[in-house]
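The lines below spell out each chain.
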Amino acid sequence: MLWTVNILQSISKSSVICSLGSRSSSVLRNVHHVIKHRSNVPLNARSFYSSKNYSNGVNIFLRLRNNSLKASILISGYYGYSMLKYAPVITVDCAANKLGEQNQNLPPFDWKKFFELIWPDVWSLLGAIFAALAAALMNIQIPIYLGTVINVMTRYLGSVTPANFNAEMQGPVFSILGLYVAQSAATFVYIYLLSNLGERLATRLKCELYSSILRQDLAFFDQKRTGDLVDCITSDVQEFKSAFKMVVSQGLRSLTQIVGCVVSMYVLSSTMTMGMLVIVPTVIVGGTMVGAVLRSVSRAAQQQSAAITTVSEETISNIRTVRAFANEQLELQRFQGQVERAQTLYQKLGAGIALFQAGTNLFLNGIVLASLTVGGYLIAAQELDAGKLMSFLVATQTIQRSLAQLSLLFGSYVRGVQAGARVFQFINTEEKIPLTGGKIIPAHSLVADVEFENVTFAYPTRPQQVVLKDFNLKLPAGKTVAIVGTSGNGKSTIAALLERFYDVDGGTIRVGGVDVRELDPSWLRGQTIGIINQEPVLFATSI
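Predicted, not measured: the structure shown is a model, and the values here were computed from it.

Draft legend 1. Expanded view of the packing of helix H1 (residues 111–118) against helix H3 (residues 165–215). Relative to each other, H1 and H3 sit at 120 degrees, their axes nearing to 10 Å. Relative to H3, H1 is oriented so that their crossing is right-handed. For the pair formed by H1 and H3, the contact residues are Lys113, Phe114, Leu117 and Ile118 on the first element and Leu197, Leu201, Arg204, Leu205 and Glu208 on the second. In the contact of H1 with H3, the residues fall into six nonpolar, no polar and three charged.

Here you go:
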């Protein structure tokens, strides 16, 4: 005999499915625990199977009692128990979704939606880009003027009466001072514009995301964990905003400085520049390979962080159930396991970033040393002067700082794109049952007869478990009707279908002789049907 057991969840309608029987089931997976009756099973003995990667009922304990030479099995999970069965030999197979499984197949980043959200501030964005480019271009000019200063100094080296030294130094010194002031002004402008732009973008993102979530069907909330949705509204939007500001400002500035300094270096000494350009592509290929590995580890670490949020939110939201089954220690172990896995992943990510940074610094410092060696030889051969060598070294240092900045921005870019993809995934989700639109029956002509005709329904998260099948019920207007039944017989389902929280799989539900699918849902719920929940909720607001 094969029994099917649903361990109910209080947050969502989705269920962990367990099959009990004398033979194993190939349909279910992940947790397999076989219990055989023995006459020496001690009274109230308890064993439990704790999984590493699963939640929502997988931390099941099997409570064994010696009862009339049979093993009494209480299948129990995080949100309560489901049923009690007796059998001499019991096989339990359980399946549950992996934590973070919803993040495994994220859609690509929605650039079209991103540009739609940022378009109202396009002029601020262009102004910030222009200011960042201006700051970068001015920074490129500084090494040239520094070289001029060095040439003036070398000409007067050893001179007893430097009569014209001050006059010759005034030009390049004041030019550098002017560049410093202008660069500071441009830096202020682009940081100020991007800061305001980022906050406005984050506000629009949060409002669009929250609006989309509120429009979703209840089936959506059955499938998505509350912790994941809250984490998306708060952490993901913040992560995307920060990455956007950093990439646009520092990323654009660093790229411009790299390109500009390479051009300047080629003008100063084509020999040294071409030698560098032969080596750089090899290093870039190696850096790209390391970056691919870091992206993978970063993605896994972010998903594990989301799993921690989910586990903690589940436990705290259902503390009464945890307390009722004395599962505090088990939940603590489950949380600690998730945190330790996140710690391991972030430690791997930190080690990878450290290796990447160390390799980058070694390469760039090697370039500086090679530039000094080759530049000294060219000076000795009178093919280069000291000022140009100084300008070349400063330009090299500028490239070094820019590359180091880009390596730091790389992690922010990866996390920002992934966070944005999750946000846009929820924003672009279309609801199946609209909030408004449809017929409105005038109050003076409404005869509130309610009729269920051959209604068949199964919850979207449990399509194999039919709750109502060919169900018929007629409630005349003006009558008071009580629907009585044992737990799980579909009483709440009837109320949910009448409110059109879900659409039926078959049959028709009519109110006032009109199919509820043709009525305006907001009118039906807000003005026609009144509902009092079994457990009322008080919102943090005034009456």
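Draft legend 2. Region of the structure containing the pattern of salt bridges. Under the criterion given, the structure shown has 18 salt bridges. Put simply, Arg204 and Asp121 hold a salt bridge, and the shortest N to O gap is 2.5 Å. Of this pair, Arg204 sits in helix H3 while Asp121 sits in the loop between H1 and helix H2 (122–155), and the two are 83 residues apart along the sequence. We note a salt bridge from Glu453 to Arg510, for which the minimum N-O separation is 2.4 Å. Pair noted here: Glu453 is in strand E9 (residues 450–457) and Arg510 is in strand E11 (residues 506–511), with a separation of 57 residues, a long-range link. Residue classification places Glu453 among the partly exposed positions, given a relative accessible area of 29%. A single network of salt bridges, built from pairs that share partners, joins Arg225, Asp228, Glu314, Glu331 and Arg334.

Draft legend 3. Representation of the packing of aromatic side chains. Under the defined criterion, the tally for this structure stands at 17 aromatic pairs. Pairing Trp111 with Phe114 gives two aromatic rings, centres 5.9 Å apart and planes at 85 degrees, and the pair type is edge-to-face. Here Trp111 and its partner Phe114 are both found in helix H1, three residues apart, which amounts to about one turn of the helix. A relative accessible area of 44% places Trp111 in the partly exposed class. Three or more aromatic residues joined by ring pairs form one cluster here, namely Phe109, Trp111, Phe114, Phe115, Phe240, Phe244 and Phe424.

Draft legend 4. Molecular detail of the sheet that holds strand E10 (residues 468–475). The four strands lie next to each other as E10-E9-E11-E12, forming an open sheet whose pairing is antiparallel. The outermost strands of the open sheet, each flanked by one partner alone, are E10 and strand E12 (514–515). Strand direction decides the pairing type here: E11 and E12, joined by two bridges, are antiparallel. Within the sheet, the bridge partner assigned to Arg510 lies in E12 and is Asp515. Relative to E9, helix H10 (residues 491–498) is tilted by about 115 degrees, and along the sheet it contacts E9, E10 and E11.

Draft legend 5. View of the pairing of E11. Where E9 meets E11, five bridges bridge the pair, whose relative direction is antiparallel. What sits directly across from Glu451, in E11, is Arg510. Hairpin connection between E11 and E12: a loop of two residues separates the two successive antiparallel strands, and Gly512 in this loop has a positive phi of roughly 60 degrees.

Draft legend 6. Here's a closer look at the environment of Thr493. For Thr493, the position within the fold is in helix H10. For Thr493, a relative accessible area of 5% corresponds to the buried category. Expressed as a C-alpha distance, the spacing of Thr493 and Tyr459, which sit 34 residues apart in the sequence, is 9.0 Å. Leave out the neighbours within four places in its chain, and Thr493 touches Phe457, Tyr459, Val467 and Leu468.

Draft legend 7. How the structure looks around the side chain of Asp520. On the secondary structure map, Asp520 appears in the loop between E12 and helix H11 (521–528). At 2.9 Å, the side chain of Asp520 and the backbone nitrogen of Ser522 are in polar contact. Setting aside its immediate chain neighbours within four residues, Asp520 contacts Leu435, Thr436, Gly437, Gly438, Lys439 and Ile440.

Draft legend 8. Representation of the nonpolar core in the model. Residues Phe114, Leu205, Leu209 and Phe244 are the most contacted members of the largest nonpolar core, which totals 33 residues. With 10 residues, the single largest contributor to this core is H3. Not counting residues up to four positions away in its chain, the partners in contact with Phe244 are Phe114, Ile118, Leu125, Leu197 and Leu201.

Draft legend 9. Molecular detail of the UniProt feature "transmembrane region" (unreviewed entry) in the protein chain. In this numbering, the UniProt entry assigns the feature "transmembrane region" (unreviewed entry) to residues 122–153, 173–194, 251–268 and 274–294. What you have in residues 173–194 is 100% helix and 0% strand, and the ends, taken at the C-alpha atoms, are 32 Å apart. Across residues 251–268 one finds 100% helix and 0% strand; the C-alpha atoms that close the span lie 26 Å apart.

Draft legend 10. Summary view of H10. Every buried residue belonging to H10 is among Thr493, Ile494, Ala496, Leu497 and Leu498, and all of these are buried. If you follow the buried residues of H10, they end up packed against E9, E10, E11 and H11. Arg500 lies just past H10 and shows a positive phi near 60 degrees.

Conventions and cut-offs
- Residues numbered from 1 in each chain as written.
- Predicted model: local features only at pLDDT ≥ 70, side-chain atom pairs only at ≥ 80, totals over all residues.
- Heavy atoms only, no water.
- Axes fitted to C-alpha atoms, helices over the stretch in contact; angles between N-to-C directions.
- Helix = DSSP H or I, 4+ residues; strand = E, 2+ residues; numbered from the N terminus.
- Left-handed = near helix turned anticlockwise from the far one by under 90°.
- Contact = heavy atoms within 4.5 Å.
- Nonpolar A, V, L, I, M, F, W, Y, C, P; charged D, E, K, R; others polar.
- Salt bridge = Lys/Arg side-chain N within 4 Å of Asp/Glu carboxyl O.
- Buried < 20%, exposed > 50% of the residue type's maximum accessible area, 1.4 Å probe, protein only.
- Phe/Tyr/Trp six-rings, centres within 6.5 Å; stacked < 30°, edge-to-face > 60°.
- Pairing = 2+ DSSP bridges.
- Polar contact = N/O pair within 3.5 Å; in protein donor to acceptor, adjacent residues only side chain to side chain.
- Core = buried A, V, L, I, M, F, W, Y, C linked by side-chain atoms within 4.5 Å.
- UniProt positions renumbered as here; feature names shortened; annotations may be inferred.

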